[in-house]
Amino acid sequence: MAHVGAKQILSKARQEGYGVPCLLAGNLEMVIGAVQAAEEVGAPLILAYNAQVTPQIPLDLIAPAMVKAAESARVPVATILDHGADLASIEQAIACGLSTVMYDGSALPFAENVCRTQEVVRLAHAHGVDVEGELGAVGGSSIELGYGNVHGEFTDPDQAAEFVAQTGVDILAISFGNLHGLYDGEPELDLARVRAIAGRVATPLAMHGASGLPDATYAAVIAAGISKINYYTAMARAVTHSLRDLLTAAEETSLVYHRVIAWTIEQFAGETRRLLHLLKKPAAATDY
Ligand SMILES: [Zn+2]
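Let me sum up the structure you'll find in this document.

Concerning the pairing of strand S6 (residues 130–135)
Most of S6 is tucked away: 6 of the 6 residues are buried. Neither face of S6 is exposed, since Asp130, Glu132 and Glu134 on one face and Val131, Gly133 and Leu135 on the opposite face are all buried. Two strands pair when backbone bridges link them, and S6 and strand S8 (residues 171–174) are joined in this way by 4 bridges, in the parallel orientation. Within S8, the residue paired with leucine 135 across the bridge is isoleucine 174.

Digging into the packing of helix H2 (residues 28–41) against helix H10 (residues 257–279)
With their axes 7 Å apart at the nearest point, H2 and H10 run at an angle of 40° to one another. Taken together, the axes of H2 and H10 are oblique relative to one another. Pair H2 / H10 crosses with right-handed handedness. Of the residues in H10, those in contact with Glu29, Met30, Ile32, Gly33, Ala34, Gln36, Ala37, Ala38, Glu40 and Val41 of H2 are Ile261, Thr264, Ile265, Phe268, Ala269, Thr272, Arg273 and Leu276. A breakdown of the residues in the contact of H2 with H10 according to their chemical character gives 11 nonpolar, 4 polar and 3 charged.

Observations concerning helix H6 (residues 157–167)
Within H6, the full set of buried residues consists of Ala160, Phe163, Val164 and Thr167. Angularly, the buried residues of H6 cover 95° about the axis, an arc narrow enough to put them on a single face. The secondary structure elements touched by the buried residues of H6 are helix H5 (110–126), S6, S8 and helix H7 (191–200). Just downstream of H6, glycine 168 is the residue with a positive phi angle, here 75°.

Calculation notes
- Residues numbered from 1 in each chain as written.
- Predicted model: local features only at pLDDT ≥ 70, side-chain atom pairs only at ≥ 80, totals over all residues.
- Buried ≥ 20, exposed ≤ 12 C-beta atoms within 10 Å, placed from the backbone.
- Helix = DSSP H or I, 4+ residues; strand = E, 2+ residues; numbered from the N terminus.
- Pairing = 2+ DSSP bridges.
- Axes fitted to C-alpha atoms, helices over the stretch in contact; angles between N-to-C directions.
- Parallel < 35°, antiparallel > 145°, perpendicular 65-115°, else oblique.
- Left-handed = near helix turned anticlockwise from the far one by under 90°.
- Contact = placed C-beta atoms within 7 Å.
- Nonpolar A, V, L, I, M, F, W, Y, C, P; charged D, E, K, R; others polar.
- Arc of directions from axis to C-beta.

Below, the structure written as structure tokens:
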């Protein structure tokens with residue numbers, strides 16, 4: 001259908017009350033599995049590249065595959081640089097043809113985060129590329145397990161409105177008890193804070209660290225005002241467990257690597273399908 005900016009996909013999602021998964025697509029198996037599932041379900045999707053998670057796969061090698069997969073998909077697909085750390089990585093993502101970039105200045109003081117995000121927005125918008133900014137720190141880690149107790153600084157609703165007005169970001173990632181990685185027990189999400197931010201900010205809101213919530217919580221998070229659901233850890237764990245079973249069952253003498261590739265695609269597709277059904281509108285028939 002079309003390779004589009006994430007803003008277009010997320011604005012419609014926010015208006016109509018469903019969530020859109022943002023999935024890491026650092027290799028071909030992940031790209032193919034995710035897009036296959038989105039096409040089957042008929043739902044839009046955001047494909048992300050994160051340099052911390054797959055540093056061995058350079059962006060300039062995988063980006064053409066992400067972009068081509070998006071262009072050929074029968075559903076709207078956006079591509080995004082996840083957690084861009086500096087202007088150089090943003091420039092590279094734009095040069096590689098991604099439709100959206102995230103600049104994460106959340107560790108900086110407010111004024112400096114505004115200032116650097118403004119610079120990214122100027123550059124990206126000049127190339128027709130959408131921008132996600134982040135305000136309030138989301139703790140945890142997408143690379144190693146065991147960081148579930150680290151809490152970031154929650155996003156202040158008034159500051160969120162000021163941040164969006166001053167920077168012109170197209171998507172805002174917020175902190176309300178969400179964490180990258182796995183939660184230690186049931187997460188305590190401050191959904192009243194999400195509602196307060198959504199009430200002041202028309203820009204679509206992103207939740208990073210959406211892995212492993214109880215199934216019913218996704219609908220509550222979306223109803224509170226979240227549209228972009230960044231999801232990786234739980235999917236990576238499920239695929240890992242299933243690969244371990246495949247390898248354990250394989251005969252010592254069999255050549256199994258090409259089966260690993262096919263299996264990985266199938267598993268990522270299955271996990272994506274499951275997630276897409278969780279993020280649908282409560283009404284059975286979702287028209288994306
Ligand atoms: Zn994140």
